[in-house]
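Structure assessment
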Amino acid sequence: MADLSHMYREIIMEHYKHPRNKGLVDEEGYNKHRIKNPSCGDDITIQSKVEDGIVKDVRQDGSGCSICCASASVLTEKLKGMDVSEAKHFADAYLDLVAGNSYDESLDFGESKVFEGVRKFPSRIKCASIPWKAFKKTIE
Amino acid sequence: MKDYKCDFPQLNDDYVYIDSAATTLTPTTVIDAINDYYRNYSVNIHRGMYKQSYEATEIYENTRRKAAAFIGAKTEEIVYTRGTTSALNLLAQRYGNRILKKGDDIVVSELAHHSSLLPWQHIAAETGANLRYVPLDSEGRLIVDNIKKTLSDKTKIVALTHVSNVMGYLAPVKEVTELAHAVGAKVVLDCAQAVSHVPIDVKQLNVDFMAFSAHKMLGPTGIGILYGKHNLLESMEPLEYGGDMVDFVEKDHAVWKDVPQRFEAGTMPIASVFGLAKAIDYLEAVGLDHIHDHIVKLAKMTIDGLQSIEDVTIYNEHSDSGIVTFNLKNVPSHDALSFYAEENVALRAGHHCAMLVGKKLGVNSTLRASFYIYNDEKDVHRFLDVTKQAVDYFRTLGF
Ligand SMILES: Cc1ncc(COP(=O)(O)O)c(C=O)c1O
């Protein structure tokens, strides 16, 4: 179970049980994107608001496995306040990190680093990726 | 009991394979038959005068005879397809399309696998026919009374799933067929799950069409059977046009071969047909009744065991097959699945290509363990042990 416990780190459980920025808002200036992976039940919507080239707010909602939900929660805290190109670059680096590709190691991943534990579980990489892919769609 | 495990080279000591409802493992005899085709023949059929082609054609056509005998059909009523899905699509496109008119009813149920639902949903939209869902009872079963209520003189097709791939329930096929025929409807039976453990006699059941896949009955992927009553198959146009399905070709028209060749355009998966023959041999040697008793016993043991573990929800306590569908309370099924995978226990999580059953159960993802002839009581114990560990593990994590 060593690999499994490397995946289910405390930070993940913390975000899973106490999700941040959960619930969408119905306000102007927000873009949202929903990604479903019906085969495993993940269904996440990310909503972002960009003002003056800065990601002013990120929200998330949906349901799914702990990895997917926690990753959405971590995302909202991590990307808020970045400028758009920085946020996009970060999301790409994160996606590389969890997929086991080479990634921009100079970035400060903070809590999002724990998701690298999914590398050992190829079928879970998608779970950790969905929210970040959805976020990228919101800033396209 | 005989140890069947040794016939399945995919298995090793600590690997517990309980995902047979998705696809069964392949016995050595089937693998050898596939290799036999490539090693000793590797020729096309129906076309060559040389010995290898002649013999390969014989095996291909003898397998059709064998498949016919296996389900009580006539040889010319057996159409080779890619599997259940393509058989049911062929039917909807070429039979449904011809007979359905605006206002007609197609009777289906939420228990259907998507392959037994979506072809009809599509053809309903195309023809203006309506899909009617038989209400399931509180246990999620299809019961005769509710079918009676759903049938009317507008019903033209009843698409029935013999054994549900999520709930493991057996449908009352004979009763449904009698009721359907009484209102002039045809019955299409999806036997994908049933064929591996329920003896089927299509004449006795009197169904009009039925379909199954070789890969769920120890055979290879890429091959399956569509059975249809001869006059009904005769009434259908081909879905694919090309080589090997025509008698005469003129510049502006062509004359199709008789059924079943009419539906087998192009080069078919010949090696898979070789394999199917050996799969049928294997099932007949073991005996479907024996397989059925064995897997029902293992499923029952599993359900009893799961019931004694706190924090497990079972969705089909009264399964009629080797299928057990459940969840660990508060643990998303894909989280649980990773735990089983780490322990080398292969089962499945998700909606199992039957999303409407999940809606009915109020969950969009479940865990499914499905047993077959190569499983034994030791596998059940391993599975239950791992389940206990998983419950403890996720509870400790705080799920
Ligand atoms: C009840 C049922 N019907 C149809 C199918 C489809 O079979 P195939 O994928 O071989 O076409 C399945 C397979 O999962 C099934 O369980």
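This is a predicted model, so every value here is computed, not measured. (Residues numbered from 1 in each chain as written. Chains lettered and ligands numbered in written order. Predicted model: local features only at pLDDT ≥ 70, side-chain atom pairs only at ≥ 80, totals over all residues. Heavy atoms only, no water.)

1. Some words on the overall build of chain B
Rules: Helix and strand assignments follow DSSP, with helices taken as H or I runs no shorter than four residues and strands as E runs no shorter than two, numbered in order from the N terminus. Here's how the labels work: a residue is buried when its accessible area is under 20% of the maximum for its type, exposed when over 50%, partly exposed in between, all with a 1.4 Å probe on protein chains only. Any two residues whose heavy atoms approach within 4.5 Å at even a single point are treated as in contact. Using a 1.4 Å probe, accessible areas were evaluated by the Shrake-Rupley method; residue-level cover was limited to the displayed protein chains. His is not counted, nor are the chain ends, whereas Lys and Arg count as positive and Asp and Glu as negative. For the purpose of locating charges, the reference atoms are NZ of Lys, CZ of Arg, CG of Asp and CD of Glu.
Secondary structure summary: chain B contains 13 helices and 15 strands in total. Dimensions of chain B, computed from C-alpha atoms along their principal axes, come out at roughly 75 × 55 × 35 Å. Taking all 399 residues of chain B together, 58% fall into the buried category. Of the contacts made within chain B by residues no fewer than 6 positions apart, 71% connect residues no fewer than 24 positions apart. Taken as a whole, chain B presents about 16,100 Å² of accessible surface, with 50% of it coming from carbon and sulfur. One finds the centroid of the 40 positive side-chain charges in chain B at a distance of 5 Å from the centroid of its 51 negative side-chain charges.

2. Looking at the interface of chain A and chain B
Condition: When two parts are put together, the accessible area they lose, computed with a 1.4 Å probe and summed over both, is reported as buried area. When a carboxyl oxygen of Asp or Glu is within 4 Å of a side-chain nitrogen of Lys or Arg, the pair counts as a salt bridge. When residue character is reported, Ala, Val, Leu, Ile, Met, Phe, Trp, Tyr, Cys and Pro are called nonpolar, Asp, Glu, Lys and Arg charged, and the others, Gly included, polar.
Taken together, the contacts link 19 residues of chain A with 19 residues of chain B. Approximately 1,500 Å² of surface area, both sides summed, lies buried where chain A meets chain B, with 60% of it carried by carbon and sulfur atoms. Our count for the contact surface shared by chain A and chain B stands at 1 salt bridge. The closest approach of N and O atoms between A:Arg124 and B:Asp335, which form a salt bridge, is 2.7 Å. Put simply, the parts of the chain that give the side of chain A that touches chain B at least two residues each are helix H1 (2-7), helix H2 (10-17) and helix H3 (66-79) of chain A. Sort the elements by how many residues they give to the side of chain A that touches chain B and H1(A) lands first, with 4 residues. Class assignment for the residues of the side of chain A that touches chain B results in 11 nonpolar, 5 polar and 3 charged.

3. As for the side chain of B:Ser116
With respect to the helices, strands and loops of the structure, B:Ser116 is situated in the loop between strand E3 (105-108) and helix H4 (118-127). Residues within four places of B:Ser116 in sequence aside, it is in contact with B:Leu88, B:Ala159, B:Thr161 and B:Asp190.

4. Details of the nonpolar core
Quick note on the threshold: Take the buried Ala, Val, Leu, Ile, Met, Phe, Trp, Tyr and Cys residues and link them wherever side-chain atoms come within 4.5 Å; each set so joined is a nonpolar core. The split of the chain into domains comes from an automatic or database domain assignment.
Judged by nonpolar contacts, the single largest core of 76 residues is most densely connected at B:Ile71, B:Val207, B:Met210 and B:Tyr374. When residues of this core are sorted by domain, at least three fall in each of domain 1 (5-19 + 287-396) and domain 2 (41-285) of chain B. In contact with B:Ile71, not counting residues within four places along its chain, are B:Ile78, B:Ile200, B:Asp201, B:Val202, B:Met210, B:Phe212 and B:Tyr227. Formed by 74 residues, the second largest nonpolar core is a distinct cluster that contains A:Ile12, A:Tyr94, A:Trp132 and B:Ala390.

5. Focus: the packing of helix H2 (residues 51-71) of chain B against helix H9 (residues 270-286) of chain B
Residues and elements named next belong to chain B. For clarity, the threshold we go by: All axes are obtained by fitting lines to C-alpha atoms, using only the stretch in contact for helices, and the reported angles, taken between N-to-C directions, cover 0 to 180 degrees. Every angle not falling under 35 degrees, over 145, or within 65 to 115 is termed oblique; those three ranges are roughly parallel, roughly antiparallel and roughly perpendicular. Helix crossings get a hand from a simple test, with the near helix turned counterclockwise from the far one by less than a right angle marking a left-handed crossing and a clockwise turn marking a right-handed one.
Orientation of H2 relative to H9, taken along the N-to-C sense of each, is 40°, at an axis distance of 9 Å. What the angle tells us is that H2 and H9 run oblique. Once H2 is placed against H9, the crossing between them reads as left-handed. Mapping the contact onto sequence places Ala56, Ile59, Tyr60, Thr63, Lys66, Ala67 and Phe70 in H2 and Ile270, Val273, Phe274, Leu276, Ala277, Ile280, Asp281, Leu283 and Glu284 in H9.

6. Thoughts on H4(B)
All names here are of chain B. This is how it is decided: Think of the arc as the fan of directions from the helix axis to the C-beta atoms.
For H4, the full list of buried residues reads Pro119, Trp120, Ile123, Ala124 and Thr127. The arc that holds every buried residue of H4, seen down its axis, measures 135°, which confines them to one face. The secondary structure elements touched by the buried residues of H4 are helix H3 (84-99), E3, strand E4 (130-133), strand E5 (155-161) and strand E6 (186-190). In the segment just after H4, glycine 128 is the residue with positive phi, at about 85°.

7. Comments concerning the environment of B:Leu151
Residue and element names in this part refer to chain B. You can see leucine 151 is positioned in the loop between helix H5 (144-150) and E5. Residue classification places leucine 151 among the buried positions, given a relative accessible area of 11%. When the C-alpha atoms of leucine 151 and glycine 184 are compared, they prove to be 10.0 Å apart, with 33 residues separating the residues in sequence. Those residues in contact with leucine 151 that lie beyond four places of it in its chain are Val107, Val158, Leu179, Ala180 and Val183.

8. A word on the domain arrangement of chain B
Residues and elements named next belong to chain B. What counts is decided by this rule: Here a polar contact is recorded for every N or O atom pair within 3.5 Å, except that within protein the pair must consist of a potential hydrogen donor and a potential acceptor, and residues adjacent in sequence are included only if both atoms are side-chain atoms.
Assigned domains of chain B: these are domain 1 (5-19 + 287-396) and domain 2 (41-285). Look at where the C-alpha atoms of domain 1 and domain 2 centre, and you get two points 29 Å apart. Listed per partner, the contact involves 28 residues of domain 1 and 31 residues of domain 2. Taken together, the two surfaces of domain 1 and domain 2 that pack against each other cover about 2,400 Å², and 60% of this comes from carbon and sulfur. A per-residue breakdown of the area domain 1 buries against domain 2 is headed by Leu288, Asp320 and Leu356, which together make up 23% of the total. Put simply, domain 1 and domain 2 have 1 salt bridge between them. When the shortest N-O distance is used, the salt bridge between aspartate 320 and arginine 141 registers 3.0 Å. Inspection of the region where domain 1 meets domain 2 yields 19 residue pairs in polar contact (both at pLDDT 80 or more). Only helix H10 (288-307), strand E12 (323-328) and helix H12 (355-361) provide two or more residues apiece to the side of domain 1 that touches domain 2. Split into classes, the residues belonging to the side of domain 1 that touches domain 2 amount to 14 nonpolar, 9 polar and 5 charged.

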